[in-house]
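Fold and contact review
For reference, the chains in residue letters:
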Amino acid sequence: MGIRLAKLHATGNDFLVWNALRSNEASDALVAGLVSFLCDRHRGVGADGLIMLKPGRDGADCEMVLYNADGGSAEMSGNGIRCLAWVAVGEGLGRDGVLEVETGAGRRSLELTFAKSGELAAVTVDMGPVTFEPSEIPLDAPKAFDLEATFHGTTYRGDAAGVGNPHFVVLVDDVAGARVAQHGRHLEVDERFPNRTNVEFIAAAGADAIQMRVWERGVGETLSCGTGACAAAAVAHRRGLVGEHVVVHVPGGDLTVDLGETVRLGGPVEFVFDADVVPHDWEA
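Quick look at the structure, then. (Residues numbered from 1 in each chain as written. Predicted model: local features only at pLDDT ≥ 70, side-chain atom pairs only at ≥ 80, totals over all residues. Heavy atoms only, no water.)

Turning to the packing of aromatic side chains, a few remarks are in order. All chains considered together, the criterion is met by 4 aromatic pairs. Seen in terms of ring centroids, phenylalanine 132 and phenylalanine 145 are 5.3 Å apart; in terms of plane orientation they differ by 50°. Their pairing is tilted. Within this pair, whereas phenylalanine 132 is found in the loop between β8 (120-126) and β9 (147-151), its partner phenylalanine 145 is found in the loop between β8 and β9, the two being separated by 13 residues in sequence. Aromatic pair tyrosine 156 and phenylalanine 201: ring centres 5.7 Å apart, planes at 85°, arrangement edge-to-face. Note that tyrosine 156 is positioned in strand β10 (residues 154-162) and phenylalanine 201 in strand β12 (residues 198-204), a separation of 45 residues in sequence. Residue class for tyrosine 156 comes out buried when judged on its relative accessible area of 6%. If you follow arginine 238 out to its NZ or CZ, it ends over the ring of phenylalanine 145, 3.8 Å from the centre. (Phe/Tyr/Trp six-rings, centres within 6.5 Å; stacked < 30°, edge-to-face > 60°. Helix = DSSP H or I, 4+ residues; strand = E, 2+ residues; numbered from the N terminus. Buried < 20%, exposed > 50% of the residue type's maximum accessible area, 1.4 Å probe, protein only. Lys NZ or Arg CZ within 6 Å of the ring centre and 35° of its normal.)

The subject of this paragraph is helix α5 (residues 226-238). In an α-helix, one turn spans 3.6 residues; hence positions three or four apart end up facing the same way. With 13 residues, α5 should cover 18 Å at 1.5 Å per step; its first-to-last C-alpha distance of 19 Å lies within 8% of that length. Taken across its 13 residues, α5 has 11 buried, putting it largely inside the fold. When α5 is considered as a whole, its buried residues turn out to be Gly226, Thr227, Gly228, Ala229, Cys230, Ala231, Ala232, Ala233, Ala234, Val235 and Ala236. Positive phi shows up at glycine 240, right after α5, with a value of about 80°. (Expected span 1.5 Å × (residues − 1).)

Enumeration over the complete set of coordinates arrives at 1 cavity of 30 Å³ or more. What the largest cavity holds in volume is close to 140 Å³. Looking at the largest cavity, it is lined by 19 residues, and the ones nearest its centre are Leu66, Asn68, Met76, Ser77 and Glu216. For the lining of the largest cavity, the secondary-structure elements that each account for two or more residues are β2 (13-19), β4 (62-68) and α5. Here the lining of the largest cavity gets 3 residues from one element, more than from any other, and that element is β4. (1 Å grid on protein atoms, 1.4 Å probe; cavity = no way out; pocket = protein on both sides within 12 Å on 5 of 7 lines; lining within 4 Å. Points joined across faces, edges and corners; volume = space filled by probe spheres on them.)

Following this line, the structure appears as structure tokens:
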């Protein structure tokens, strides 16, 4: 059984999108081992995660099922959902400029902008509200603010936030020199986060801008993270470092975050290639 995957990236955060709009067989065959095989950068296609584009239900245009590179399920990805939109538009969805997508974190509304050529030019996602309520993140602590974590003699301080998935946003003096790869994997499994957590290392970068590097749960350090950018912007705003319109500089480019009752995330999406894959041992 072969499958066709579209590879796309959003500020360097890359995903494989498996179009299952016309076939429910794909979801029955999908297992964690297959996802990790496909996302493996040495033996597979290579990606930070895999997304299944499935038929919508209860009025949604489509559904996003998201897997991290290690094969574990994830609730939501702000960059990944914009990659999904590119594939969905190719299937004729969202041509009225709006795409309603069901996700593991609830329904998300996407605003689509088209070029004169008819191609998708930009995607802005209503990510819903950012929460600092511990039970909603989830976080096993009395409050989400001013948390400390120490590893190998380095003490990190920051806030937890939920954007449909958990985040631990820590403030550092030098983002470029932060030990993301060395310490991120340990902060991810901080016992206060029952579902593990994504970890953002941030610093102010001028008026209404921050720099960010991120360790993604179940993936490792990535060039960008959409939900992480939203969490980081909300934390920076609460601490008085930025206003309500925030530019988040990540290694893969720039994302924009507009804060309010809900958070709106914008940024580019780039198609890379299509891949026809026939795993050597599908059942394994």
